[in-house]
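Here's the letter readout for the chains.
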Amino acid sequence: MGNPKRGRNPKTLTPTTTTTTSPSSPSLSSVAADSSIPSPTASRRGRGRPPKLPKLSEPSDISGDLIAGSPEHRPSRHHCNGDLRDGNTTLAASEQLPNWGRVVPSMDAVVKVFCVHTEPNFSLPWQRKRQYSSSSSGFVIGGRRVLTNAHSVEHHTQVKVKKRGSDTKYLATVLAIGTECDIAMLTVEEDEFWEGVVPVEFGDLPALQDAVSVVGYPIGGDTISVTSGVVSRMEILSYVHGSTELLGLQIDAAINSGNSGGPAFNDTGKCVGIAFQSLKHEDAENIGYVIPTPVIMHFITDYEKNGAYTGFPILGVEWQKMENPDLRTSIGMSPNQKGVRIRRIEPTAPASLVLEPSDVILSFDGVSVANDGTVPFRHGERIGFSYLVSQKYTGDQARVKVLRNSKILEFNIKLETHKRLIPAHIKGTPPSYYIVAGFVFAAVSVPYLRSEYGKEYEFDAPVKLLDKLLHSMAESPEEQLVVVSQVLVADINIGYEDLVNIQVLSFNGKPVKNLKSLAKMVESCEDDYLKFDLEYQQIVVLDTKTAKAATSDILTTHCIPSAMSGDLKT
């Protein structure tokens, strides 16, 4: 199995990496530039978990200079006033020197990004981990802005950028972070930074076998670096950092730690993508992935329209292929009809108000959907119809034509972002927690699972939690999966010390919808006992007055400033 790495180049001793894996694609894993504090890993793997597959990784930063033609060579002559001088002989450069190659001007728009990160400590949510620093790549675009990868500035406390050939680092401000598409937008207040910088221009989506050059500051040196290759594949790709699926380009140019955020140029010097992850596996070589221009422009337009990043919307359905002719006949489809069958609908999605399970999606926005779920893309190419959804913006309407009981119906459906029961990111907010009688309650997220079980959490976390991660849907936007994270040992909780990461189902007979509702119920409880119903038919019973009285002493013992996180106090 491949060794997952992430997209930032470590500058100092680093705490453990924040590797995000798409729940729907266990073969993907993040290539982190920053190593992270090792997380406890289960000593054995449970039964019934999927086998480990090759992993995609997010490279760190890409470094390099773009050169058209052959590499730039420097002859051993002194250059003065346009003439080349060698000893006593003066030769006109145009007459004597071969053309060694021309540097693409937009390469000067490629910058090195320095970031200091302070990650949340999900195991001890009232504090943060030790800070660490990393470097990655970025590039200047119009409007005094810089683009880089989201994972390059995740949990940032300070961001600096440095231009090519400069010795000055400029403080940068993060304007927007798009976790799903793994893109971040920065700006620099200092006017000096923008002097003489020509913004990068974006090109069209490249064709297969088109030449690309990836420029950035990868591991192995401090100066800019260029790697070249061709576009070898274009498809809907699992984005490791965002735990989502969007259009992606596969290239055969090397993408290494530090390359994250660096531009990929075509042979005319226009940017056709942003390097962000690579495949690390013993059977694969030189497989890198680039965020293409349609995704980049969606991110930029979204920010310009809304003043903030709102995300990529989803239709909110799970579907089944209709390739079997008997299946199509049984559901009432005619021989000339094609589409996919809806299996489940997200309860929080607007589509749940009009669509029903077993509806057959025939078309999306007028584009016919094939029995395998694909739509025409370009000449000789097809792509998953989720690509059409990803071209929309949050709040947009889409025309969806469905077949229901042999009748064709058409609906205008509002598209919203995905509201997961177990979110893939906490989007820069501190982890929520609540403590009573030494019981630490927390809301589960993918970063929480990674903190508790390491990068292989999809194999080592409890089966019940993994099942909910992969298959459960939130019934309401506020719903969370609340667990007993750990028990801080004290006299009041004798016998409960071994409870770790077990879901809380109800409190005093009332279902627990989220962490805030649990904290509110416990704080206002006037019953004689606090009774928590847990997964696996376990219960916790505590005397109400004794439990609340013991909480303050436990907080003091463990140097915890508050019994609950700030978001639960409002």
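Residues numbered from 1 in each chain as written. Predicted model: local features only at pLDDT ≥ 70, side-chain atom pairs only at ≥ 80, totals over all residues. Heavy atoms only, no water.

Enquirer: Looking at this structure, how should I read the overall build of the protein chain?
Expert: When its secondary structure is counted, the protein chain shows 10 helices and 34 strands. When each of the 570 residues of the protein chain is scored for burial, the buried share is 53%. If you take every contact in the protein chain between residues at least 6 apart in sequence, the share linking residues at least 24 apart comes to 67%. Carbon and sulfur atoms form 48% of the exposed surface of the protein chain, whose accessible area is close to 25900 Å². (Helix = DSSP H or I, 4+ residues; strand = E, 2+ residues; numbered from the N terminus. Buried < 20%, exposed > 50% of the residue type's maximum accessible area, 1.4 Å probe, protein only. Contact = heavy atoms within 4.5 Å. Areas by Shrake-Rupley, 256 points an atom, 1.4 Å probe, with all protein chains shown as cover.)

Enquirer: When you look at unusual backbone geometry in this model, what are you seeing that I'm missing?
Expert: What you tend to see is this: most non-glycine residues have negative phi, and most peptide bonds are trans. With a phi close to 60°, D182 is a non-glycine residue in the positive phi region. Look at D365: it is not a glycine, yet its phi comes out positive at around 55°. Topologically, D365 is positioned in the loop between β22 (360-364) and β23 (367-368). Judged by its relative accessible area of 27%, D365 falls in the partly exposed class.

Enquirer: I would appreciate a short explanation of the confidence of the model for the protein chain in the present structure.
Expert: Detailed conclusions should not be drawn from predicted coordinates in areas where pLDDT is low. Summing up the model confidence of the protein chain, the mean pLDDT is 83 and the portion of residues at 70 or higher is 81%. Counting interchain partners and residues more than four positions distant, the pLDDT-below-50 stretch residues 10-53 has 156 contacts. Segment residues 60-103 is flagged for pLDDT under 50; beyond a separation of four residues in sequence, or across chains, it makes 103 contacts in the model. (pLDDT = per-residue confidence, 0-100.)

Enquirer: Looking at this model, I keep getting lost on a negative patch on the surface. Mind explaining?
Expert: Judged by side-chain charge, E189, E190, E192 and E195 come together as a negatively charged surface patch. Structurally, the position occupied by E195 is in the loop between α2 (191-194) and β14 (211-216). (Patch = residues over 30% accessible without salt bridge, like charges linked within 9 Å, V, L, I, M, F, W, Y side chains within 5 Å. Salt bridge = Lys/Arg side-chain N within 4 Å of Asp/Glu carboxyl O. Lys, Arg positive; Asp, Glu negative; His and termini not counted. Charge placed at Lys NZ, Arg CZ, Asp CG, Glu CD.)

Enquirer: When you look at the packing of aromatic side chains in this model, what are you seeing that I'm missing?
Expert: The way to describe two aromatic rings as a pair is by their centre distance and the angle between their planes. In total, this model carries 14 aromatic pairs according to the counting rule given. Here the aromatic rings of Y239 and F276 are separated by 4.7 Å at their centres, their planes lie at 40°, and the arrangement is tilted. Linking Y239 in strand β15 (residues 225-239) with F276 in strand β18 (residues 271-280), this pair joins segments that are 37 residues apart in sequence. The buried category is assigned to Y239, whose relative accessible area is 0%. Geometrically, the ring pair formed by F364 and F385 is tilted, given 6.4 Å between the ring centres and 50° between the ring planes. (Phe/Tyr/Trp six-rings, centres within 6.5 Å; stacked < 30°, edge-to-face > 60°.)

Enquirer: I keep staring at the pattern of salt bridges and nothing clicks. Help me out?
Expert: Any two side chains of opposite charge can pair, so long as their charged atoms come close to each other. In this structure the tally under the stated criterion is 13 salt bridges. We note a salt bridge from E304 to R145, for which the minimum N-O separation is 3.1 Å. With E304 in helix α3 (residues 293-306) and R145 in strand β10 (residues 145-148), the pair connects residues that are 159 residues apart, well separated along the chain. Residues E356 and R404 are paired through a salt bridge, measuring 3.6 Å at the closest nitrogen-oxygen approach.

Enquirer: Sorry, what's going on with helix α10 (residues 544-557) here?
Expert: Each full turn of the α-helix corresponds to 3.6 residues, which orients residues three or four apart in the same direction. Here α10 spans 20 Å end to end across 14 residues, near enough to the 20 Å set by a 1.5 Å rise per residue. When the local axis directions of α10 are compared, the greatest deviation, roughly 25°, occurs at T551. Taken together, the buried residues of α10 touch β28 (433-436), β33 (529-534) and β34 (539-543). Taking the backbone nitrogen of K545 as reference, a side-chain oxygen 3.3 Å away marks D543 as the first, capping residue of α10. C559 sits one or two residues past α10 and shows a positive phi near 55°. (Expected span 1.5 Å × (residues − 1). Bend = angle between axes of the 7 residues up to and from the residue. Polar contact = N/O pair within 3.5 Å; in protein donor to acceptor, adjacent residues only side chain to side chain.)

Enquirer: Hey, could you run me through the side chain of D302 in this one?
Expert: Relative to the helices and strands, D302 is located in helix α3. The buried charged residue D302 lacks any salt bridge, with K305 as its nearest oppositely charged partner at 6.6 Å. Within the local environment of D302, its side chain forms a polar contact with the side chain of T310, the two groups lying 2.7 Å apart. If we skip the residues at most four places from it in the chain, D302 touches G307, A308, Y309, T310, G311 and Y393.

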